[in-house]
Amino acid sequence: MSATAATTGRLTPQQVAQYGEDGYTIFAQPVFSEEKFARLKAIFEDDLAKYGEDGLDMIHVRDDRLLEFLLSDEVLDVVEPLVGPNIGLWASHMISKQPFQGKATPWHEDSAYWNGRVSTMAGICTVWLALDHVSPENGSMGVIPGSHANGFSEYETIDATREKNIFPTQVKAGQFDESTAVYFTLEPNQCSLHEARIIHGAPANTSPRRRAGYTMRYFPTTSHVLPIDRNAGHKIWLARGVDVAGNRYENA
């Protein structure tokens, strides 16, 4: 979608244009009201205590209180200028990196891990909502601007020790210039948005401050979530508009 076509939503034409060119943008405003964000933060703390750091992927499937936030106008009005008017909820994941923990998120593209599950990776957008103050000092996410043009880089195996890395592969060295990385700084209740094909990662949190966020992932319903074994049991919701590609939703 071009900047001139983005006539609704909460992003400026400049933010829409940046997302198209660089594969990301920052929404440095409160996403929710103070009261609503406080409720979301309380749900996060509750689920973190209940499921632990490694049990928070697709957390909305187990805790349907989160659907209020995932399907909210506050979020969808940020997403629509980037995804279009017909939006599906693909996934969500609460992330918590405790103080002084050495886990890093290696450089990767979400598209590489979702390849073959959706008819196209084009248009899939992640909202990374800060639940804590997030900065390079406590291991914020960094992106390689413009790298979303590909989305399927070559990967190499790295140290698979869970205490060191979140997962055991990364984009192979030499395929991008790490010196061009942009690392985000967000206040609680602000968010970044990035395209599924962009190369991104995060260093370990070696600071005394926790780094927590909530990733909300959306796709245009012109994309078909393929009926294959890898998608067995994967639940999606129609977040806004209508279905176009013949997908099956939990709420429609």
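Residues numbered from 1 in each chain as written. Predicted model: local features only at pLDDT ≥ 70, side-chain atom pairs only at ≥ 80, totals over all residues. Heavy atoms only, no water.

1. What to know about the sheet that holds strand β11 (residues 211-220)
Strand order in this open sheet of six strands is β1-β9-β4-β11-β2-β12, and the pairing throughout is antiparallel. Of all the strands in the sheet, the pair left with one neighbour each is β1 (24-27) and β12 (237-240). Within the sheet, the average angular offset between the axes of one strand and its neighbour, ignoring direction, is 30°. As judged from the three bridges shared by strand β2 (residues 87-97) and β12, these two strands associate in the antiparallel manner. Counted as the bridge partner of Gly-88 is Leu-238 from β12. (Pairing = 2+ DSSP bridges. Helix = DSSP H or I, 4+ residues; strand = E, 2+ residues; numbered from the N terminus. Axes fitted to C-alpha atoms, helices over the stretch in contact; angles between N-to-C directions.)

2. So, the side chain of Gln-15
Tracing the backbone shows Gln-15 in helix α1 (residues 13-22). With residues near it in sequence (within four places) discarded, Gln-15 still touches Arg-10, Thr-25, Ile-26 and Phe-27. (Contact = heavy atoms within 4.5 Å.)

3. Some remarks on helix α5 (residues 73-83)
In an α-helix, one turn spans 3.6 residues, which is why side chains three or four residues apart end up on the same side. Where burial is concerned, most of α5 is hidden: eight out of the 11 residues are buried. Those residues of α5 lying buried are Val-75, Leu-76, Val-78, Val-79, Glu-80, Pro-81, Leu-82 and Val-83. A positive backbone phi angle near 110° is found at Gly-84, which sits one or two residues after α5. (Buried < 20%, exposed > 50% of the residue type's maximum accessible area, 1.4 Å probe, protein only.)

4. Observations concerning the side chain of Ser-192
With respect to the helices, strands and loops of the structure, Ser-192 is situated in strand β9 (residues 191-195). Once residues within four sequence positions are removed from consideration, Ser-192 is found in contact with Thr-25, Ile-26, Thr-126, Val-127, Trp-128, Met-141, Phe-184 and Leu-186.

5. Thoughts on the sheet that holds strand β10 (residues 200-202)
Picture the strands of a sheet paired through backbone hydrogen bonds; they go either parallel or antiparallel. Ordered in space as β3-β10-β5-β8, the four strands form an open sheet in which the pairing is antiparallel. On the outer flanks of this sheet lie β3 (105-108) and β8 (182-183), each paired with one strand and no other.

6. Structural notes on unusual backbone geometry
In the Ramachandran plot, Met-58 falls in the positive-phi region, its phi being about 50° despite a non-glycine side chain. One can find Met-58 in the loop between α2 (34-51) and α3 (59-62). The backbone of Phe-100 sits at a positive phi, close to 60°, despite the residue not being glycine. Secondary-structure assignment places Phe-100 in the loop between β2 and β3.

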